[in-house]
Amino acid sequence: MLEGLSKKQTPRVMSRICRRGHCSLEGKVVNSSEYVMSQQNVRYEWNETPWRKLEKSSFKLQKRIYRASKCNDIKKMHKLQRLLLKSTSARMLAVRRVTQDNRGKKTAGIDGKANLNQKERLQLACSLDIKGKAKPSRRVWIPKPGKPSERRPLGIPTISCRAKQTLVKMALEPEWEAKFEPNTYGFRCGRSCHDAIKAIFYALCKKSAFILEHVFKLKNELICEA
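Structural notes, computed from the coordinates. All of these numbers come straight from a predicted model, not from anything done at the bench.

Rules used throughout
Residues numbered from 1 in each chain as written. Predicted model: local features only at pLDDT ≥ 70, side-chain atom pairs only at ≥ 80, totals over all residues. Heavy atoms only, no water. Salt bridge = Lys/Arg side-chain N within 4 Å of Asp/Glu carboxyl O. Helix = DSSP H or I, 4+ residues; strand = E, 2+ residues; numbered from the N terminus. Buried < 20%, exposed > 50% of the residue type's maximum accessible area, 1.4 Å probe, protein only. Phe/Tyr/Trp six-rings, centres within 6.5 Å; stacked < 30°, edge-to-face > 60°. Lys NZ or Arg CZ within 6 Å of the ring centre and 35° of its normal. Lys, Arg positive; Asp, Glu negative; His and termini not counted. Polar contact = N/O pair within 3.5 Å; in protein donor to acceptor, adjacent residues only side chain to side chain. Contact = heavy atoms within 4.5 Å. Core = buried A, V, L, I, M, F, W, Y, C linked by side-chain atoms within 4.5 Å. Axes fitted to C-alpha atoms, helices over the stretch in contact; angles between N-to-C directions. Left-handed = near helix turned anticlockwise from the far one by under 90°. Nonpolar A, V, L, I, M, F, W, Y, C, P; charged D, E, K, R; others polar. Pairing = 2+ DSSP bridges. Patch = residues over 30% accessible without salt bridge, like charges linked within 9 Å, V, L, I, M, F, W, Y side chains within 5 Å. Areas by Shrake-Rupley, 256 points an atom, 1.4 Å probe, with all protein chains shown as cover. Charge placed at Lys NZ, Arg CZ, Asp CG, Glu CD.

On to the pattern of salt bridges. Charged atoms that come close allow side chains of opposite charge to pair. Counted under the stated rule, the structure contains 5 salt bridges. A salt bridge links R96 to E55; its shortest N-O distance comes to 3.5 Å. Residue R96 is located in helix α5 (residues 88-101), and its partner E55 is located in helix α3 (residues 51-70); the two are separated by 41 residues in the primary sequence. We classify R96 as partly exposed; its relative accessible area is 22%. Its salt-bridge partner being E150, residue K144 comes within 3.5 Å of it at the nearest N-O pair. A relative accessible area of 33% means that K144 is categorised as partly exposed.

This part covers the packing of aromatic side chains. Applying the stated rule across the entire model yields 3 aromatic pairs. With 5.9 Å between their ring centres and 55 degrees between their planes, F201 and Y202 make a pair best called tilted. Owing to a relative accessible area of 45%, Y202 belongs among the partly exposed residues under this scheme. Over the aromatic face of Y185 sits the side chain of R191, whose NZ or CZ is 5.0 Å from the ring centroid.

Considering the arrangement of structural elements, one finds R162 in helix α7 (residues 159-177). Buried and without a salt bridge, R162 has D111 as its closest oppositely charged side chain, separated by 6.6 Å. Of the polar contacts made by the side chain of R162, one reaches the backbone oxygen of T107; its length is 2.6 Å. R162 has contacts with V98, G104, T107, A108, G109, I156 and P157, leaving out every residue within four places of it along the chain.

Grouped together as the largest cluster of nonpolar side chains are 28 residues, with contacts concentrated most on L84, M92, V95, L124 and L128. Here this core gets 6 residues from one element, more than from any other, and that element is α5. Ignoring anything within four residues of it in the chain, the contact list for V95 reads W46, Q100, R121, L124, A125, L128 and A163.

Phi at N72 is positive, roughly 60 degrees, even though this residue is not glycine. With a relative accessible area of 57%, N72 lands in the exposed category. If you check the backbone angles, F187 has positive phi at about 55 degrees while not being a glycine. Mapped onto the elements, F187 comes out in the loop between α7 and α8 (193-206). Taking relative accessible area as the criterion, F187 reaches 92% and is therefore assigned exposed.

Between α3 and α5, the least distance of the axes is 9 Å, while the angle of their chain directions is 115 degrees. The chirality of how α3 crosses α5 is left-handed. On α5, the residues touching W51, L54, E55, S57 and S58 of α3 are S89, A90, M92, L93 and R96. Residue composition of the contact of α3 with α5, grouped by class: 5 nonpolar, 3 polar and 2 charged.

A word on the pairing of strand β4 (residues 147-156). With 7 bridges connecting them, strand β3 (residues 138-144) and β4 associate as antiparallel partners. Pairing of R139 across the sheet is with G155, part of β4. Remark: 2 residues form the turn of the hairpin made by β3 and β4, two consecutive strands paired antiparallel; G146 in that turn has positive phi of roughly 85 degrees.

The topology assignment puts I74 in helix α4 (residues 74-86). Residues I74 and E175, spaced 101 residues apart in sequence, show a C-alpha to C-alpha distance of 9.7 Å.

This part covers a positive patch on the surface. A surface patch of like charges, here positive, comprises R52, K56, K60, K63, R67 and K76. If you tally residues by element for the positive patch, the top one is α3, at 5 residues. Mapped onto the secondary structure, K63 falls in helix α3. By relative accessible area, K63 is classed as partly exposed at 37%.

Treat this as a map of the structure, not an account of what it does.
Below, the structure is given as structure tokens:
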């Protein structure tokens, strides 16, 4: 098929073929699961990591988990979740979020480790595994908002435990996003209390004033009777 093509045309044709499936190092076209597993042996330098490529790879797996959860295909969903937990891209992204992106990146756990250099981040990503027992959290007491005299306890896990939690969150989030109601806003990715207020406002705008007035009158009567 490629014999009649010139040398300049061949790479373009190969790139088009590779877009239809993932190409391994040997040039074979493999499916997504085999491609992700083949990436386990890939090692990056932290400052040369193709983050955009890793984000796309993880997002594709998360979309597949979401679709499997929507279709109630539990077996396929669990298989994809295990695949995501083992993928290099998800582990690298989990470590990056904990050590670079999050606000508490400089907060140390019970082991005293706060700032990790590039080599330590890479080692943590390579050795990240959700199996095993978690380390104890460091407890600190912080003032309550609006009540400076009162304090509440706060548990601070170690960096490795936080990375594991982030990795598990990446696997579980698409599953439950497919099951949650569209009008729930608490502790959901990309949603806030402002979105909830906006939804309430639009819902009230669609109701007639007569119904709202009746509800308010009924509430006032109940308050007077009490």
